[in-house]
Amino acid sequence: MSLEAPKSTSHAGLPAFRVGGRKFASLASQAEGFGNLMLTLEEQAAFVEEAPEIFLPISGGWGRMGHTHIRLAAASEEVLTGALRTAWKLRVDKNAKTRRKAHVAERNKITTKKRGNRRPLL
C-alpha cells in the first residue's frame with residue numbers, strides 16, 4: 001500500500017482532510033473554533049483525559065463513534081500535529097483492513113455458470 005499525502009477537499013463547503021478518499025479530519029466546525037478529528041473511542045478518551053481543555057467529544061451520535069473536537073485556539077502546533085497524525089494513521093490502517101477484506105472476499109468467491117448467469121455456489 002502506498003501512503004499518499006492527505007488531501008484537502010470540501011465537506012459541507014469547508015476543508016476536509018482525506019487519505020485514500022476517506023475523511024480523517026475536517027474544519028466543518030471552524031466557525032465555532034473547532035477542528036474535527038475521526039478517532040477511535042479509545043483514542044478519544046485518551047485525548048480528552050490528557051487535555052480536556054483542548055479535546056472534547058462531538059455531541060450526539062458522532063461523538064459516541066469517536067468523532068472529536070479540537071479547540072484550535074487552545075492547541076499548540078505540536079498538539080495539533082500529533083492529533084492530526086493520530087487521526088491520519090487510524091484512517092490509513094482502517095483503509096488497509098477494508099481493502100484486505102474486499103480482496104479476500106473476491107479471492108474466495110466461487111461462481112458457476114448456469115444458463116448464462118453467474119451465481120455463487122452455496
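Quick note: structure is the one above.
Residues numbered from 1 in each chain as written. Predicted model: local features only at pLDDT ≥ 70, side-chain atom pairs only at ≥ 80, totals over all residues. Heavy atoms only, no water.

J.: Hey, could you run me through the overall build of the protein chain in this one?
T.: In terms of regular secondary structure, the protein chain is built from two helices and eight strands. Start at the N end of the protein chain and walk to the C end: the helices and strands fall as β-β-β-β-α-β-β-α-β-β. Every one of the 122 residues in the protein chain was classed for burial, and the buried ones make up 28%. Put simply, 41% of the contacts in the protein chain that link residues at least 6 apart link residues at least 24 apart. Put simply, the protein chain shows about 8,500 Å² of open surface, and 56% of that area lies on carbon and sulfur atoms. (Helix = DSSP H or I, 4+ residues; strand = E, 2+ residues; numbered from the N terminus. Buried < 20%, exposed > 50% of the residue type's maximum accessible area, 1.4 Å probe, protein only. Contact = heavy atoms within 4.5 Å. Areas by Shrake-Rupley, 256 points an atom, 1.4 Å probe, with all protein chains shown as cover.)

J.: What exactly am I supposed to notice about the nonpolar core here?
T.: Within soluble globular proteins, side chains that are nonpolar generally end up buried alongside one another. Ranked by size, the top nonpolar core spans 15 residues in total, and within it Phe24, Leu37, Ile54, Phe55, Ile70 and Ala83 carry the most contacts. Of all the secondary structure elements, the ones that give two or more residues to this core are β3 (22-26) and α2 (77-108). The leading source of residues in this core is α2, at four residues. (Core = buried A, V, L, I, M, F, W, Y, C linked by side-chain atoms within 4.5 Å.)

J.: Would you take a moment to explain the packing of aromatic side chains for this structure?
T.: Tallied over the full model, the rule gives one aromatic pair. Aromatic side chains Phe47 and Phe55 sit 4.7 Å apart centroid to centroid with 90° between the ring planes, which places their arrangement in the edge-to-face category. Of the two residues examined, Phe47 and Phe55, each falls in the buried class. (Phe/Tyr/Trp six-rings, centres within 6.5 Å; stacked < 30°, edge-to-face > 60°.)

In short, the description is geometric, and any link to function would need to be established separately.
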